[in-house]
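Chains, contacts and geometry: an overview
Read off the chains here:
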Amino acid sequence: MSLGRLERARPAQPMSEINMTPLIDVMLVLLIIFMVAAPLMSAALKLELPSSGEAAQADQPPAAQQLALDAQGQLFWNGERVDPTALKPRLAALAAEQPEAEVQLAIDQAVPYGKVAALLDQLQAAKLTRLAFATAPKASAP
C-alpha cells in the first residue's frame, strides 16, 4: 500500500472564443425567410372600392357639379351623357365661371385606373382642384 500524493487534474480552461456556427445558421435561415416573404407582401394587395362609412356622409353643397364615369367608359355631366371630346371645353367654361367650383366624381369600380388618372389630368389641366369622390353608403346591419 502506497501512500502517495494524488495528483489533481487541471481544471478545464474557460472557452475564450464564441462559436459562430449557430449564429450564422440563424442568420441564413432569416435571410431565406425574408427573401421568400418580401415578394408576397407587395403582390398581395386586393382592393374592393368604393365604399364609405357613416362618417363620410355629409351634406352636398348646391353648387357642386357631378361627373360620372361608368364601367363602359361613358362620361356623364350632371346626369346627361357627354362625349369625351366635349368634356374639355365644359371643364374650361366651369373653371372660368367658378374657379372654386367643386366637382363630384362618381366612378364605377370596374373602370381601369388609367382612365381615372386621365380624367383627373383633365380636371387638373382645367385648374379645377376641389374634387370629391362619391361612394356608396355602407350597408347597415339589421
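Up top is the structure.
What comes next is a walk through the structure. (Residues numbered from 1 in each chain as written. Predicted model: local features only at pLDDT ≥ 70, side-chain atom pairs only at ≥ 80, totals over all residues. Heavy atoms only, no water.)

Re the pattern of salt bridges
A side chain with one charge may pair with a side chain of the opposite charge, provided their charged atoms come close. Enumeration over the complete set of coordinates arrives at two salt bridges. Across the pair Arg130 and Glu102 runs a salt bridge whose closest N-O atoms are separated by 3.5 Å. You can see Arg130 sitting in strand E5 (residues 130-133) and its partner Glu102 sitting in strand E4 (residues 102-107), a full 28 residues away along the chain. Judged by relative accessible area, Glu102 falls into the buried class, the value being 15%. (Salt bridge = Lys/Arg side-chain N within 4 Å of Asp/Glu carboxyl O. Helix = DSSP H or I, 4+ residues; strand = E, 2+ residues; numbered from the N terminus. Buried < 20%, exposed > 50% of the residue type's maximum accessible area, 1.4 Å probe, protein only.)

Thoughts on a nonpolar patch on the surface
Taken together, Ile18, Met20, Leu23, Ile24, Met27, Leu28, Leu31 and Met35 make up a surface patch of nonpolar side chains, about 810 Å² in accessible area. Considering the arrangement of structural elements, one finds Met27 in helix H1 (residues 21-43). The exposure class assigned to Met27 is partly exposed, which follows from its relative accessible area of 45%. (Patch = residues over 30% accessible without salt bridge, like charges linked within 9 Å, V, L, I, M, F, W, Y side chains within 5 Å. Areas by Shrake-Rupley, 256 points an atom, 1.4 Å probe, with all protein chains shown as cover.)

Some remarks on the environment of Leu69
Among the structural elements, Leu69 can be located in strand E1 (residues 65-69). Excluding residues within four positions of it along the chain, Leu69 makes contact with Gln74, Leu75, Ala106, Ile107, Asp108, Val111, Lys115 and Leu119. (Contact = heavy atoms within 4.5 Å.)

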